[in-house]
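# Structural overview
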Amino acid sequence: MPDPNGFLRYDRRLPARRPVPVRISDWREVYPPAGEELIREQATRCMDCGIPFCHDGCPLGNRIPDWNDLVRTGNWDAAVESLHATNNFPEFTGRLCPAPCEAACVLGIGGGQPVTIKQVEVEIADAAVARGGLRPRPVPAPTGRSVAVVGSGPAGLAAAQQLARAGHAVTVYERDDAIGGLLRYGIPDFKLEKQHIDRRLAQLAAEGVQFRTGVDVGVDVTAEQLRAEHDAVLLACGALQGRDTPETPGRQLRGVHQAMAHLVAANRVVAAAGDGRPALAVLSDGTPIDAAGKHVVIIGGGDTAADCLGVAHRQGAAGVHQLDLYPEPPQTRDAARDPWPTWPWVLRSYPAHEEGGERVFAVAVQEFVDDGTGQVKGVRIAEVSVEKRDGRRIVTPLPGSERELPADLVLLAIGFEGTEQQPLLEQFGVRRNTRGAVDARPDWQTDADGVFVAGDMHRGASLIVWAIAEGRAAAAAIHTYLGGVGELPAPVDPARQPLAAR
C-alpha cells in the first residue's frame, strides 16, 4: 500500500548538480548520487494511481508505481528485479531519457510537480551494481539457432540480451572500434560515463553474446555471408544521416561541421585519456575540430545541440551561441496545445545551459561568412517567423533584423534524416522509405524474409526508451520466427506511436 499523503508531505527534489566551475574542468557526470534518504522521499511521492498513466508515457511499460513503492519501503533487491523485468539497461535510460513517463505522471495535472521517476530509476540501477553487480543469466540449454545483430546501440544490445537469454547464439557486429553505438561515442561522458556501458557488455558477454568490432557489414562481411552463418539477422544501425543545409551560402567553408562529428571526436579524446593515450579532437581525415579558444555557433535546440554546448565549455570555447529556429517555448505546459498526459512543448534547460553560452530563439542563418581564406569567421542571422502550411514549414525572415555573430566553429545540430544509405541495404534487398527509415512488417521483418529491423533505423531518430522497447519487441519476433519455446516480452509493435492528442 503506497503512502497516500507522500506527495503532500514532500516536494519534488533532485540531487544538487556538481558546481559549474568544478564540472566543466572534467568530463565526469554532472549529477552525483542522490543518497538513499532523498530518493526514498521522492519515491514516497508516488500515489500508485488507479490508472498509472506513466505506464503509457513509457513505451517499455516500466512498472513504475511498483518499484517506487519498493524503494519507499527499503526493499531494494525487489526494486532491482522489478525494474529489470521491463528494461535491460535502466542505468542508460535513467541518465539519458527525457522521461515522457514524468510528463504523463498524474501529479503533473494542472501544473503540479511529477514524481522524479527518472532519478529513482537511475538510483535503483546503480543499487544493482552496488549490491552484487550485474549478475549474468546464462541460458542452461542452447537452442542451436544463431542470430546476427548489426549495430550495437541500445536497440541492438537489448535484442541481443533477450535472444541470448532465450538460448540463441548471438553475434553483434559493430563497424566502430568499440561496442555501444551512439552511447559510446555520441553521448558525452558528463551525461553517461562509459563504465556503465562496459559493465553491461561484461554481463552480455558472460551470457554468451559475441562481439565483433571493426566490421562494416556490407563491406567487410557481405549480407550473403551473414545469412549463411546465421538463421536470422536484426538490423539496428541507427539513424545517423545528419540533416544538412547545403543551400545556405558558405556551407562549404572550413569550420562548418555536423554536430555529431564534433561529439565523436571529443568522445574519442576522453576515451583515449582514460586509457592513458594522448589524442587530439580531429575528424577521420585528421582535420582539427576542437572548440578551444574559438567562438562557437551551434545551430539547433535539442539534445544534440545541448551536448555540443557542454563539450564546447569543457574544451575551453571563447564563447558560444546556440541558435533555435523556433520562438522561445513557454515555461509550463499549454494545455490547449499539449494536453496532459502528452509530451509538452516547454522550455527545457539542460545542465550545459547553466554552464555558459547564449541561447537565441526565432532566428535562422542566412549565410556562413568567409574570412577570405575559405574559413568561416561568422554567421549572418535574421529573426524569422515559422508557420506550417499543408504540412510544410514556411520560414519568413523579418526585414531589417539581420546581424552577424562571430564564429570560428559552426556545428549543425538540426536533426537526422534517417539511416545512412549503405551497401548492406542493397545486399539484403532492403529499401529506405521517404523518411530515410526502414519499414517493418507487423512481425518486425523487413521486405527481406528473415531480416528484421528495430530502433532508430526503423523509427527514425528517437528516444533511448523507444530503441530498447523496439529491440525487445524485435527479439520476441525473432524468437518466434526461430521456433523458440514460449514467448519473450514485446512491449511495442512496429506501428506504435508516442502519446499524442487526437
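Above: the structure in question.
In short, a report on the structure. (Residues numbered from 1 in each chain as written. Predicted model: local features only at pLDDT ≥ 70, side-chain atom pairs only at ≥ 80, totals over all residues. Heavy atoms only, no water.)

To continue, consider helix α9 (residues 117-130). For α9, with 14 residues, the first-to-last C-alpha span of 20 Å sits near the 20 Å given by 1.5 Å per residue. Judged by how many residues are buried, α9 sits mostly within the fold: 10 of 14 residues are covered. Buried within α9 are the following residues: I117, Q119, V120, E121, V122, E123, I124, A125, A127 and A128. Those residues of α9 that are buried are in contact with α3 (36-44), α4 (54-57), α5 (64-72), α6 (76-84), α7 (90-96) and α8 (100-103). G132 sits one or two positions beyond α9 and adopts a positive phi of about 125 degrees. (Helix = DSSP H or I, 4+ residues; strand = E, 2+ residues; numbered from the N terminus. Expected span 1.5 Å × (residues − 1). Buried < 20%, exposed > 50% of the residue type's maximum accessible area, 1.4 Å probe, protein only. Contact = heavy atoms within 4.5 Å.)

With that settled, consider the packing of α5 against α9. Their axes nearest at 11 Å, the elements α5 and α9 cross at an angle of 65 degrees. Here α5 and α9 pass one another in a crossing that is left-handed. Taking contact as the criterion, the partners of I64, W67, N68 and V71 in α5 are, on α9, I117, V120, E121 and I124. For the contact of α5 with α9, the class distribution of residues is six nonpolar, one polar and one charged. (Axes fitted to C-alpha atoms, helices over the stretch in contact; angles between N-to-C directions. Left-handed = near helix turned anticlockwise from the far one by under 90°. Nonpolar A, V, L, I, M, F, W, Y, C, P; charged D, E, K, R; others polar.)

Before going further, it helps to spend a moment on the pairing of strand β1 (residues 146-150). Within a regular strand, side chains alternate between the sheet's two faces. Judged by how many residues are buried, β1 sits mostly within the fold: five of five residues are covered. In this structure, β1 lies alongside strand β2 (residues 169-174), joined through five bridges in parallel fashion. In the strand pairing of β2, A148 is matched with T171. Following the chain from β1 across helix α10 (residues 154-165) to the adjacent parallel β2, one finds a crossover that is right-handed. (Pairing = 2+ DSSP bridges. Right-handed = clockwise from strand over helix to strand, strands pointing away.)

By convention here, two paired aromatic rings are described through the distance between centres and the angle between planes. Under the criterion given, the structure shown has four aromatic pairs. Taking 6.4 Å as the distance between ring centres and 25 degrees as the angle between the ring planes, the aromatic pair formed by W27 and F190 counts as stacked. Residue W27 is found in the loop between α2 (20-23) and α3, and its partner F190 is found in the loop between α11 (182-185) and α12 (195-206); the two are separated by 163 residues along the sequence. When the ring of F452 is compared with that of Y481, the centres are 5.4 Å apart and the planes differ by 75 degrees; the resulting orientation is edge-to-face. Of the two residues, F452 is situated in strand β14 (residues 451-453) and Y481 in helix α18 (residues 464-481); the sequence distance between them amounts to 29 residues. The ring of Y185 is capped by R268, whose NZ or CZ atom sits 4.1 Å from the centre of that ring. Looking at R314, its charged tip hangs above the ring of F190, at a distance of 4.1 Å from the centre. (Phe/Tyr/Trp six-rings, centres within 6.5 Å; stacked < 30°, edge-to-face > 60°. Lys NZ or Arg CZ within 6 Å of the ring centre and 35° of its normal.)

This part is about α3. Inspection of α3 places L38, I39, E41, Q42, A43 and T44 among the buried residues, and these make up the whole buried set. Packing partners of the buried residues in α3 comprise α1 (6-9), α5, α6 and α9.

With that settled, the discussion passes to the sheet that holds strand β7 (residues 319-323). The strands making up a sheet are joined through hydrogen bonds of the backbone, oriented either antiparallel or parallel. Read across the sheet, five strands follow the order β5-β13-β6-β7-β8 without closing on themselves; strand pairing throughout is parallel. The two strands at the open ends of the sheet, each matched to only one other strand, are β5 (256-258) and β8 (358-360). Across the sheet, the mean angle from the axis of one strand to that of its neighbour is 20 degrees, orientation sign disregarded. For strand β6 (residues 295-299) and strand β13 (residues 409-412), the ladder comprises four bridges, and the chain directions are parallel. In the strand pairing of β13, V297 is matched with V410. Against the sheet, helix α14 (residues 259-274) makes contact with β5 and β13, and its axis sits at roughly 80 degrees relative to β5, the strand it touches most. Relative to β7, helix α15 (residues 303-315) is tilted by about 175 degrees, and along the sheet it contacts β6, β7 and β13.

By the element assignment, G319 lies in strand β7. Residues G319 and V297, spaced 22 residues apart in sequence, show a C-alpha to C-alpha distance of 8.5 Å. Aside from chain neighbours lying at most four places away, what touches G319 is K294, H295 and V296.

With that settled, the discussion passes to the pairing of β6. Buried residues dominate β6, accounting for four of its five residues. The parallel pair β6 and β7, bridged by α15, forms a crossover whose chirality is right-handed.

Honestly, that's just the spatial picture; any functional story needs more than this.
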